[in-house]
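Overview (structure and organization)
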Amino acid sequence: MTETLPPRGCPAAEPAEDGYFRKGCNPLAETGRSKLQNQRAVLNQQILRAVRMRAGAENLLRATTNNKVREQVLLELSFVNSDLQILKEELEGLNISVEVYQNAEETFSIPLVPLGLKETKEVDFTLPLKDFILEHYSEDSSEYEDEIADLMDLRQACRTPSRDEAGIEMLISYFLQLGYVENRFFPPTRHMGVLFTWYDSFTGVPVCQQNLLLEKASILFNIGALYTQIGTRCNRQTQAGLENAVDAFQKAAGVLSYLKETFTHTPSYDMSPAMLNVLVKMMLAQAQECVFEQIGLSGIRNEFFTLVKMTQEVAKVGEVYLLVNTAMNQEPVKENIPYSWSKLAQIKSDHYKALAHYFTATILCDHELQPGDDEDQQEKALSQLYDHMPEGLMALAVLKDKVRRKQLGKAHLRQAIVYHEEALRVCGLCKKLRNIDVLQEVLTAAHKRSLLKYAQQETEDDFLSLIQAPDVLPKTEHKIETIAPQFSKVKVKDFFHKLGPLTVFSAKQRWTAPRTIRIPQGAGELGFHLKGGSPVQIYCLDPVCPAASMGLKEGDYIVSVGGVDCKWLGVNEVLEKLRSVGEQALEIKVISCQDTAASLHSKSATYSVGMQKTYSLICLAMDEDKIDQTKKAPLKLPFLSWGTKNRQKAASTLCLPSAVAGSSQTKKKLLPFTLLNTESSLY
C-alpha cells in the first residue's frame, strides 16, 4: 500500500488534496514481485559490465596487429559472449516468471503474461535546477530546495509503485509533473546536464541520455507494464475480477499504443515501434482470452445455439494468439522477445483452436435435429461456423443425416486432438513453460477430454471416413479495443508554481533580472496602464512620467508591488495594491523580455529497425556557441555509443566518437502547457 508523504514545500494541510505525494512500495520487502525486480536490477548491472568488457575487447581487437594479442582477445570475447548469453537467458527467466504475478487464489486457468517494470538509476536534480533558477529566473534558488526534493522523492517512489490504481495514479502524476519540469527547466538551446539512465526490459542494456523525453517515455512504458501486472493479479474466478482484468489489459494496450505513436524514435528496444506493436497485440489477445473466460464462467450449457456462440468466441481467441505468435517471430522483434513468450502464444493458439473444434464436435454429436426444432435457424447457425462446408456436404443435409453428423463430428474431434497434442509438444520443448504446473494441467485435462469424447463415438466406420474437418470461423460479440490513457483525470499541482504562470515564466523565454522602479511620494498619476492576465503588463507608458525616468519600459511585466509577489495576480488585484499605497512612495519590480534566437543542439540515438543487435549507452555532448551558418562548421564529437554500425561487424562494440559536422537544428515550438508532442522524438 502507498502512504501519504507530506511535501516539504507545502503546508501541512495540503497533502490531503495532492494525491501524488506518495511513497512507493518498500523495495526491501520480501514479496515475490520485489524479489524479481531486485534480481532484474542485479542482472542489469551484470549485463552492463559484460557489455563494457566486450566493447573494450572488440576495440582492442581492431587496434592491435599483434597475432598473440589477437588470439587472447578472441578467446576473451568468446567467454564474454557466452556470459552475455547466459545473463540474457536469466533475464528471460524473470520475464516468464508469471506465477508471481497471478492471483493468490487457486485457479485452473492458463497464466497471463505481465510486463516487468523498467529499472532506472537515481537522478539528482538539485544542482542543475538550482543553477537554472538563479541564472534564468533570477530568484534565490535556496527557496526552492523543498520543491526540488519533492520532485526527487516522487521519482524515487515511482521506481517501486504499488500494484493498484494508487500506483498508476502516482506514475501518471510524475509523468504530468515532467511536463511542467520540461517547460520550466529544459530550454531548447542547451542541455541541463541531468543524465537519465533506463535499462531495457528485455535485454537489460542501459540507455543513457540527457533528454527528458527518455524519462517520459520510460514512465509511460512502466504505466503500461503496471496495468498488465494489475490485470494478471485479478481473480479470474469471479465476474468482477475478469471485468477488471479485461479493463486493465485494454488500458495497458492503450498506453503502449500511445507511447508508440508519440515517441517514434526511441533508443531502447523494448520501446521500439515494432516491439510496442507486438506488446499491444499481446495485451489485446489476453483481454480477448479473459472475455471468453467471462462468458463461460457460469458454465457452458450443452445447448445448440449456446455452443455455436462459444465455438466462435473461442476460435477468436485462437486467431488473435496466432497473430501474436506470427508478430513475435518477425524481425527485428524475434531476437529480443523472450522465446518462452512466443511459445506460450503458440500454445494458446493451438489450445483454443482445439477447443473450437471440440465444441463443434459436441454440437454435431450430441444434438440431433428434432421434429420441433427450427431447421432454418440451426442451418443458418451451422453455416456460420464455416467459411465453406466440406466437399459434397450441405449444412441442412448434415443436420438431418445422423451418419454424416457423426462423421463430421469425429473429424472435428480428430482435429482437436491434433491441436491438443501439438500444444503439449511445444510446451514440453520449452524449459521455462514445462515448469509451470497449472499450464501443464490445463493442457492435459483438455486433451483427455477430447480423447474421451472421441472414444465414446462409434468406431466401426473410422477407416471409411475421409472427411477433413474445416476451420472454424472466428467471431465475437465483444470487440476488444485499446483504451486511451486519461491523463486529465489525474490532477497535479506544479511543484514550481511560485515561479509564476508557465505561459510567461518558461525555459523558452528569457527575461532580464527584476529591476526596481521607485516612484516618489506625491508623483500623482502613475503614467501607465495595465493589461493582460497574470502577470500584468505595462502599456501606454507616458515617456515623461517619473516611472519612465526610473527605467520602466513599454511591455514590462510587474512581478512585485511593495515587496509583495504579484506574478499570479490579475489587473484588478494589482491596481488594488497600487491604490493601497496612497500618496506614499511606491516601489515595484518589473522584468523585460529578451528576444533570443533559439538553436537546438544535435541529439543522437543509435536505435534502428535494421540493427537488431545494437545496444546503446548514449552520452549526448553539449553544443558550443551558435555557429554561423555561412561558415563551415568544425567537426565535433556528439556521442559515445555501444553498438554495431552494421550486421557484418561484431555485435555491440564500444566505438570511438565519430566525427560529424555540427549544425544547428530548428525545433518545433511547444505551447506553454504542452505536456507531450505527438511529433516528439528521443533524438
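Computed from a prediction, not measured in an experiment: that's the story for all the values here.

Comments concerning the overall build of the chain
Broken down by element type, the chain carries 17 helices and 12 strands. Put simply, the chain has 683 residues, and 53% of those count as buried. The contacts in the chain between residues at least 6 apart in sequence include a share of 76% that link residues at least 24 apart. Looking at the chain as shown, the accessible area adds up to about 31,800 Å², and 52% of this sits on carbon and sulfur atoms.

Quick word on the environment of Glu289
Among the structural elements, Glu289 can be located in helix α8 (residues 273–295). Taking C-alpha positions, Glu289 is 8.6 Å from Val246, a pair spaced 43 residues apart along the chain. Sequence-distant contacts of Glu289, that is, excluding residues within four places in its chain, are made with Ile110, Leu112, Arg236, Val317, Tyr321, Lys348 and Tyr352. Engagement of the side chain of Glu289 in a polar contact is seen with the side chain of Lys348, the distance being 2.9 Å.

Focus on the pattern of salt bridges
Enumeration according to the criterion identifies 21 salt bridges in this entry. We note a salt bridge from Asp270 to Lys118, for which the minimum N-O separation is 2.8 Å. Remark: Lys118 occurs in the loop between α2 (67–95) and α3 (126–136) and Asp270 occurs in the loop between α7 (239–262) and α8; sequence separation between them is 152 residues. A salt bridge links Lys498 to Glu147, with the nearest nitrogen and oxygen atoms 3.6 Å apart.

Overview of the state of the cysteines
Considering all chains together, one arrives at zero disulfides under this definition. Just so you know, Cys430 is unpaired, no disulfide at all, and the nearest cysteine sulfur is the one on Cys427, 7.5 Å from it.

What about the pairing of strand β7 (residues 557–561)?
With respect to burial, β7 is a largely interior element, five of its five residues being buried. Pairing analysis gives two bridges linking β7 to strand β8 (residues 564–565), with the strands arranged antiparallel. Note on β8: the bridge partner recorded for Ser560 is Asp565. Between β7 and β8, which pair antiparallel and follow one another directly, the connecting turn spans two residues, one of which, Gly562, has a positive phi of 60°.

Comments concerning the nonpolar core
Soluble globular proteins tend to bury their nonpolar side chains together. Counting residues in hydrophobic clusters, the biggest one holds 142 residues, and the most contacted among them are Leu115, Phe185, Leu279 and Phe496. Residues within four places of Leu279 in sequence aside, it is in contact with Leu115, Phe202, Phe221, Leu256, Asp270 and Trp341. Counting residues in hydrophobic clusters, the runner-up holds 21 residues, among them Ile517, Phe528, Cys545 and Leu552.

Describing unusual backbone geometry
The amide bond that connects Glu331 to the next residue, Pro332, takes the cis arrangement and shows omega of 0°. Structurally, Pro332 can be placed in the loop between α9 (304–328) and α10 (339–366). Omega for the peptide link from Ser534 to Pro535 comes to -5°, which places this bond in the cis form. Locating Pro535 in the fold gives a position in the loop between β5 (529–531) and β6 (537–539). For Ser138, which is not glycine, the phi torsion reads 55° and is therefore positive. Tracing the backbone through its elements, the reader meets Ser138 in the loop between α3 and α4 (145–157).

Notes on the packing of α8 against α10
Their axes nearest at 13 Å, the elements α8 and α10 cross at an angle of 35°. Classified by chirality, the crossing of α10 by α8 is left-handed. In this structure, α8 contributes Leu279, Met282, Gln286, Glu289, Phe292 and Glu293 to the contact, and α10 contributes Trp341, Lys348, Tyr352 and Phe359. Here the residues of the contact of α8 with α10 are counted per class, giving six nonpolar, one polar and three charged.

Focus: the confidence of the model for the chain
Residues at a pLDDT of 70 or more form 74% of the chain, whose mean pLDDT is 77. Averaged over each element, pLDDT in the chain is lowest for strand β12 (residues 660–661) (38) and highest for α7 (95). For the stretch residues 1–21, pLDDT sits under 50, and the model shows 37 contacts to residues farther than four places along the chain or on other chains. Across residues 596–683 the pLDDT falls below 50, and counting only partners more than four positions away or on other chains, this stretch makes 212 contacts in the model.

Brief notes about helix α6 (residues 212–233)
Helix length check: α6 (22 residues) gives 32 Å between terminal C-alpha atoms against 32 Å at 1.5 Å per residue, within 8%. α6 sits mainly inside the fold: 21 of its 22 residues count as buried. The backbone nitrogen of Leu213 has a side-chain oxygen 3.1 Å away, supplied by the residue at the start of α6, namely Asn211.

Quick notes on empty space enclosed by the protein
Tallied over the entire structure, the rule returns seven cavities of 30 Å³ or more. Along its surface, the largest cavity is lined by Leu117, Lys118, Glu119, Thr120, Arg155, Cys158, Arg159, Trp198, Ile219 and Asn222. Each residue belonging to the lining of the largest cavity can be placed in one class, and the counts come to four nonpolar, two polar and four charged. Volume-wise, the second largest cavity comes out at about 50 Å³. Around the second largest cavity, the lining residues are Val113, Met282, Gln286, Tyr321, Val324, Trp341, Leu344, Ala345 and Lys348. Contributions of two or more residues to the lining of the second largest cavity are made by α8, α9 and α10.

Points about the packing of aromatic side chains
For the coordinates displayed, the defined rule picks out 15 aromatic pairs. Arranged with centres 6.2 Å apart and planes meeting at 40°, the rings of Phe505 and Trp511 form a pair that is tilted. Per residue, the accessibility class of Phe505 equals that of Trp511, and both read buried. Between Trp511 and Tyr557 the ring centres are 5.3 Å apart and the planes differ by 90°, which places this aromatic pair in the edge-to-face class. In this pair, Trp511 sits in strand β3 (residues 510–511) while Tyr557 sits in strand β7, placing the two residues 46 residues apart along the sequence. By way of ring pairs, the aromatic residues Phe132, Tyr137, Tyr144, Phe185 and Phe496 are connected into one cluster. The ring centre of Tyr358 lies 5.2 Å from the NZ or CZ of Arg449, which sits over that ring.

A look at the packing of α6 against α7
Viewed as axis vectors pointing N to C, α6 and α7 meet at an angle of 165°, and their least axial separation amounts to 8 Å. By the angle between their directions, the pair α6 and α7 is classed as roughly antiparallel. Remark: the crossing between α6 and α7 carries left-handed chirality. Taken together, the residues of α7 that come into contact with α6 (itself represented by Ala217, Leu220, Phe221, Ile223, Gly224, Tyr227, Thr228, Ile230, Gly231 and Thr232) are Ala245, Ala248, Phe249, Lys251, Ala252, Val255, Leu256, Tyr258 and Leu259. Looking at the contact of α6 with α7 residue by residue, the classes come out as 14 nonpolar, four polar and one charged.

A closer look at the environment of Lys121
Tracing the backbone shows Lys121 in the loop between α2 and α3. Here Lys121 falls in the partly exposed class, since its relative accessible area comes to 35%. Linking Lys121 and Gln156, residues 35 residues apart in sequence, is a C-alpha distance of 9.4 Å. If we skip the residues at most four places from it in the chain, Lys121 touches Gln45, Arg155, Arg159, Thr197 and Tyr199.

Points about the side chain of Ser162
By the element assignment, Ser162 lies in the loop between α4 and α5 (165–185). Of the polar contacts made by the side chain of Ser162, one reaches the side chain of Asp164; its length is 2.6 Å.

Cut-offs used in this document
- Residues numbered from 1 in each chain as written.
- Predicted model: local features only at pLDDT ≥ 70, side-chain atom pairs only at ≥ 80, totals over all residues.
- Heavy atoms only, no water.
- Helix = DSSP H or I, 4+ residues; strand = E, 2+ residues; numbered from the N terminus.
- Buried < 20%, exposed > 50% of the residue type's maximum accessible area, 1.4 Å probe, protein only.
- Contact = heavy atoms within 4.5 Å.
- Areas by Shrake-Rupley, 256 points an atom, 1.4 Å probe, with all protein chains shown as cover.
- Polar contact = N/O pair within 3.5 Å; in protein donor to acceptor, adjacent residues only side chain to side chain.
- Salt bridge = Lys/Arg side-chain N within 4 Å of Asp/Glu carboxyl O.
- Disulfide = S-S within 2.5 Å.
- Pairing = 2+ DSSP bridges.
- Core = buried A, V, L, I, M, F, W, Y, C linked by side-chain atoms within 4.5 Å.
- Axes fitted to C-alpha atoms, helices over the stretch in contact; angles between N-to-C directions.
- Left-handed = near helix turned anticlockwise from the far one by under 90°.
- Nonpolar A, V, L, I, M, F, W, Y, C, P; charged D, E, K, R; others polar.
- pLDDT = per-residue confidence, 0-100.
- Expected span 1.5 Å × (residues − 1).
- 1 Å grid on protein atoms, 1.4 Å probe; cavity = no way out; pocket = protein on both sides within 12 Å on 5 of 7 lines; lining within 4 Å.
- Points joined across faces, edges and corners; volume = space filled by probe spheres on them.
- Phe/Tyr/Trp six-rings, centres within 6.5 Å; stacked < 30°, edge-to-face > 60°.
- Lys NZ or Arg CZ within 6 Å of the ring centre and 35° of its normal.
- Parallel < 35°, antiparallel > 145°, perpendicular 65-115°, else oblique.

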